[in-house]
Amino acid sequence: MPNANEQVCEYVCLTTEQANKKIEICGLNCVEEEKRNPVKEFLKRFWGPIPWMLEFAALLEVIAGITRRQNVKFIEAAIIMALLIFNSIMSFVHEGKAQQALELLKQRLAVKARVMRDDKWTILDAKYLVPEDIVHLRMGDFVPADIKLLDSQIQLDQSALTGESLPIEAEKGSVAYSGSIVKRGEATGMVVATGKESYFGKTAELVKIAKTKSNLSKLIFKIVKYMMYMDFILLAFFLVYALTHGFSPADTIVFILVILIAAIPIALPATYTLSTALGAVELSKRGVLTTKLSAIEESAAMTVLCSDKTGTLTENKVILEDIIPVGGHSKEELLKYSIMASDEKSQDALDDAIFKVTNPMNLKPEGERISFTPFDPAIKRTEVVYKFDGAEIKIFKGQPGTIWNLTRQDVSGGPEGAYKYEDAERELAQKGERVLATACEKDGKYEFLGFLGFMDPERVDSRPLVQELRNLGVRTIMLTGDTAITARTIAKRLDIGERVCERKELLEMSKYKEKEKGLAGYDVFGGIYPEDKFNIVKALQDNNYIVGMTGDGVNDSPALKQAEVGIAVSGSTDVAKAAASIVLTDPGLSDIVSAIKTSREIFQRMATWVLNKIAKTIEISFFTIFGIILMNYYYDTPAKDSFIITPVLVILLLFTNDFVTMSISTDNVKYSLKPNEWKIKNMIIGSVAMGVFQLIFSFGALVYYKMQGHYDMEQIATIVFLIMVFTGQGVLYLVRTADHFYGSMPSRYMLIATIADLIAVSLLAGLGVKFENHPLIARIPFAEIIRLYVFGAIYLFFVDMVKVKIFRKFNVRP
């Protein structure tokens, strides 16, 4: 594609004014997505297993109120429903914010098109295309509208549209339909239909935000499932006990339901979505766009980063450093044939470097171009046919080995005298240059014209980046189509390593799954084809590596899709962006360090959630069930008065704790210096230990207040509620760090949520809540509340000392 300021009159194009008028008539080049009904989305919060249990519990309370003529039961039912509505509103608001964040990211990933306007080539969002626009397509592009080809021939993949896996050849005069993918070749065409008028009308779905199931959420739900099994066993035991000791079936069922609800991670979806969405928004400010939220968590566990060289570890500012003609040909002749095998419209970096040298020399192609086949990675060369003085000349430009195999002749006449082709290529490659060769064929005779040495300097931040990734426990492997010599030179400069595997060795390996003796034992893969990248990524995964993969082209998309963390670098094709889970908007890979650190911070927050949830479930389940049995069996309390906490208080406890738990998504945490992995056994040991310490304090306080005899069972229920709120908050702060809790400052939002929670429940307990002289929350003196908190705080300091030893010994925190 020509420079923006270069006049191009080859095609009759629209002016900006004409295009704007067409937009008013035809509309934007997009199909409006079906908008979700916010009312329906909100009502969905009341449909599902968790809402059903809450609604059933409320219904049983209503039935009890009718049969027993107790109006207080209606109030308890209303409280349960009010708390359900509150949680639904919170979930709806937070998920709405997360969806808005994803929509913003989607807008930033809008498909671009190369279009000629006002006789200039420019880049526009595809949605602004109109009929009669002139558009240039190249390999890797999504076709942004229905486009009639005006020249050349391209290969199109229409599988996303037709389901047909085989690509089709589109010639001059054919229509490339919106949503197709250019697999090979380049062509210029005219837009004939846009938006809803296009043949398939698929423009709005060119870039999709993938919704893959998160491994982290799978793991957390697995943990919760085992906690549910534990609860079922405990509740089955309690049900048998209750039915054999005179407990009311209705009261028993309501109590079982609310305890079961307490074990369900109601806050998990909101906490996880909010954490990852906030992380995605934060990363977008640093030039990292996430198309799949699961990529944020996978980045935390990434152990290997397979990186392309050109434009990623290097500046992608290619310069033509060396021009070495051979066989008696001159530099001018070599350059002239080289530009004839180049296309300025393609904006190919190597072609541009040649034109920057030849334009000041006023070198121009001679003759008429008959056909042009752009560089194809599969055959590693460009081919062009020119007609000159009535004869056809074929010109080839590409990898030296490929071009050499076409000519099969010794290279002589170089600046140092006669030498072989391998020596010439090695000489340039050892300087870190990428080498191309040019040849021609006249009257059936092939001539090797010479070498072009291109230098792509390393980015100044690449070496520090490799070192920082190494410090984070992530190993960098370089993948490149360059020769092994060039690859080793660049890798050595960047401190990646010197162990190079060439494609020949790659193909000779009998087993991809070998570890240190196989693929994982190399630092660099040189001379490889794009399809080899997929095999390398797959082999590393088979050896239990969590793999990140960078790429920018259509041929990189299988590897980007296969890797746990597919990273489309700046300037990637639309196909690469669609296949990747992370898109970088700034050159280089420095921003990926931010993604790794942010993902590990999110991992730490979710680890806090898991540790806290297990400990809390143990306390609620064991304390409430065995507390009731203790009151009924040991203290001989009547069955109807043995409930140490009411269903309303359990539901209130659940929502007040979840309110604070959701603030974990903003907590201040330290990212780990090694890739994260879930050590479930260790985490369970730490959580169970915390749960046991909670139980010791809770049972001790219950027995103390019962033995005092100053409070009735309704007041004891309030005290139990306060105990569980306080211990729940205390353990949350204990498990968020492996060190002493007072050495790590939580986030402001988390502190505010905790303080607000404790003040709210203290006021409810200190003032009491009554209905028709029946206490929903029995009043206890504020002095008793303060004393309870003081003793609880002292106890937590003691638990913290023991916790540090347990967490360090069993490596509880990932």
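Scope of this entry: the structure provided in the associated data block. Just so we're clear, the structure is a prediction, and the values are computed from it rather than from any experiment.

For the rest of this paragraph, the subject is the overall build of the protein. From N to C terminus, the protein includes 25 helices and 25 strands. Buried residues in the protein amount to 56% of all 814 residues. Nonlocal contacts in the protein, meaning residues at least 24 apart in sequence, comprise 72% of its contacts between residues at least 6 apart. Surface accessibility of the protein: about 35700 Å² in total, with carbon and sulfur atoms responsible for 57%.

Moving on, we get to the sheet that holds strand β8 (residues 181-184). If you walk across this open sheet you meet the three strands as β6-β5-β8, and the pairing is antiparallel. Each edge of the sheet is formed by a strand with only one pairing partner; in this case those strands are β6 (168-170) and β8. Neighbour to neighbour, the strand axes of the sheet diverge by 45° on average, direction disregarded.

Viewed as axis vectors pointing N to C, helix α20 (residues 590-634) and helix α22 (residues 680-708) meet at an angle of 35°, and their least axial separation amounts to 8 Å. The two elements α20 and α22 cross, and the hand of that crossing is right-handed. Residue composition of the contact of α20 with α22, by class: 19 nonpolar, five polar and three charged.

This part is about helix α15 (residues 484-493). Listing the buried residues of α15 in full gives A484, T486, A487, T489, I490 and A491. With its phi angle positive at about 65°, D495 sits one or two positions after the end of α15.

Moving on: the nonpolar core. The biggest cluster of nonpolar side chains holds 89 residues, and the ones touching the most others in it are F238, I644, I645, M690, V720, F721 and L722. Core analysis: the second largest hydrophobic core is formed by 30 residues, M478, A491, L494 and A595 among them.

A word on a nonpolar patch on the surface. Together, M745, L751, I755, I759, L763, L767 and F782 make up an exposed nonpolar region whose accessible area comes to about 670 Å². The element contributing the most residues to the nonpolar patch is helix α24 (residues 748-767), with five residues. On the secondary structure map, I759 appears in helix α24.

The next subject is the sheet that holds strand β17 (residues 445-455). Strand order in the open sheet made by the six strands is β12-β17-β16-β15-β14-β13, with antiparallel pairing throughout. Lying at the two open borders of the sheet, with one neighbouring strand each, are β12 (319-325) and β13 (368-376). Taken over all neighbouring pairs, the strand axes of this sheet differ in orientation by 20° on average, direction set aside. Strand direction decides the pairing type here: strand β14 (residues 381-388) and strand β15 (residues 391-398), joined by eight bridges, are antiparallel. By the bridge assignment for β15, R381 is matched with G398. Where helix α11 (residues 349-361) meets the sheet, it contacts β12, β15, β16 (434-442) and β17, and its direction lies at approximately 75° from that of β12.

Quick look at the pattern of salt bridges now. In this structure the tally under the stated criterion is 21 salt bridges. Residue R114 is joined to D141 by a salt bridge in which the shortest nitrogen-to-oxygen separation is 2.5 Å. Pair noted here: R114 is in strand β1 (residues 112-117) and D141 is in the loop between β3 (134-137) and β4 (146-149), with a separation of 27 residues, a long-range link. Each member of the pair R114 and D141 is classed as buried. A salt bridge links E366 to K336; the nearest nitrogen and oxygen atoms lie 3.5 Å apart. In this pair, E366 sits in the loop between α11 and β13 while K336 sits in helix α10 (residues 331-340), placing the two residues 30 residues apart along the sequence.

If you trace the backbone, S294 turns up in helix α9 (residues 294-301). By relative accessible area, which is 12% here, S294 ends up buried. Distance from S294 to T276, taken between C-alpha atoms, is 8.2 Å for residues 18 residues apart in sequence.

Okay, the environment of T489 next. Within the fold, T489 resides in helix α15. Sequence separation between T489 and E433 is 56 residues; the distance between their C-alpha atoms is 9.2 Å. Apart from the residues within four sequence positions on either side, T489 is in contact with A429, Q430 and G432. Looking at T489, its side chain comes within polar contact range of the main-chain oxygen of I485, at 2.9 Å.

Counting buried positions along β17 gives eight out of 11 residues, so the element sits mostly inside the fold. Alignment of β12 against β17, held across six bridges, turns out to be antiparallel. Bridge pairing links I324 to F451 in β17. For β16 and β17, the ladder comprises nine bridges, and the chain directions are antiparallel.

With a phi close to 65°, D495 is a non-glycine residue in the positive phi region. With a relative accessible area of 31%, D495 lands in the partly exposed category. The phi angle at N544 is positive, at roughly 70°, despite the residue not being glycine.

Attention now moves to the side chain of Q541. Among the secondary structure elements, Q541 is positioned in helix α17 (residues 530-542). The contacts of Q541, once residues within four sequence positions are left out, are V547, Q562, A563 and E564.

Turning our eyes to something else, we now look at the packing of helix α23 (residues 713-735) against helix α25 (residues 782-809). Running from N to C, α23 and α25 point in directions that differ by 35°, and their axes come no closer than 10 Å. Considering the relative orientation of α23 and α25, their crossing is right-handed. In this structure, α23 contributes I719, L722, I723, F726, G730, L734 and V735 to the contact, and α25 contributes I785, L788, Y789, G792, A793, L796, V799, D800, K803 and F807. Here the residues of the contact of α23 with α25 are counted per class, giving 13 nonpolar, two polar and two charged.

Procedures and definitions
- Residues numbered from 1 in each chain as written.
- Predicted model: local features only at pLDDT ≥ 70, side-chain atom pairs only at ≥ 80, totals over all residues.
- Heavy atoms only, no water.
- Helix = DSSP H or I, 4+ residues; strand = E, 2+ residues; numbered from the N terminus.
- Buried < 20%, exposed > 50% of the residue type's maximum accessible area, 1.4 Å probe, protein only.
- Contact = heavy atoms within 4.5 Å.
- Areas by Shrake-Rupley, 256 points an atom, 1.4 Å probe, with all protein chains shown as cover.
- Pairing = 2+ DSSP bridges.
- Axes fitted to C-alpha atoms, helices over the stretch in contact; angles between N-to-C directions.
- Left-handed = near helix turned anticlockwise from the far one by under 90°.
- Nonpolar A, V, L, I, M, F, W, Y, C, P; charged D, E, K, R; others polar.
- Core = buried A, V, L, I, M, F, W, Y, C linked by side-chain atoms within 4.5 Å.
- Patch = residues over 30% accessible without salt bridge, like charges linked within 9 Å, V, L, I, M, F, W, Y side chains within 5 Å.
- Salt bridge = Lys/Arg side-chain N within 4 Å of Asp/Glu carboxyl O.
- Polar contact = N/O pair within 3.5 Å; in protein donor to acceptor, adjacent residues only side chain to side chain.

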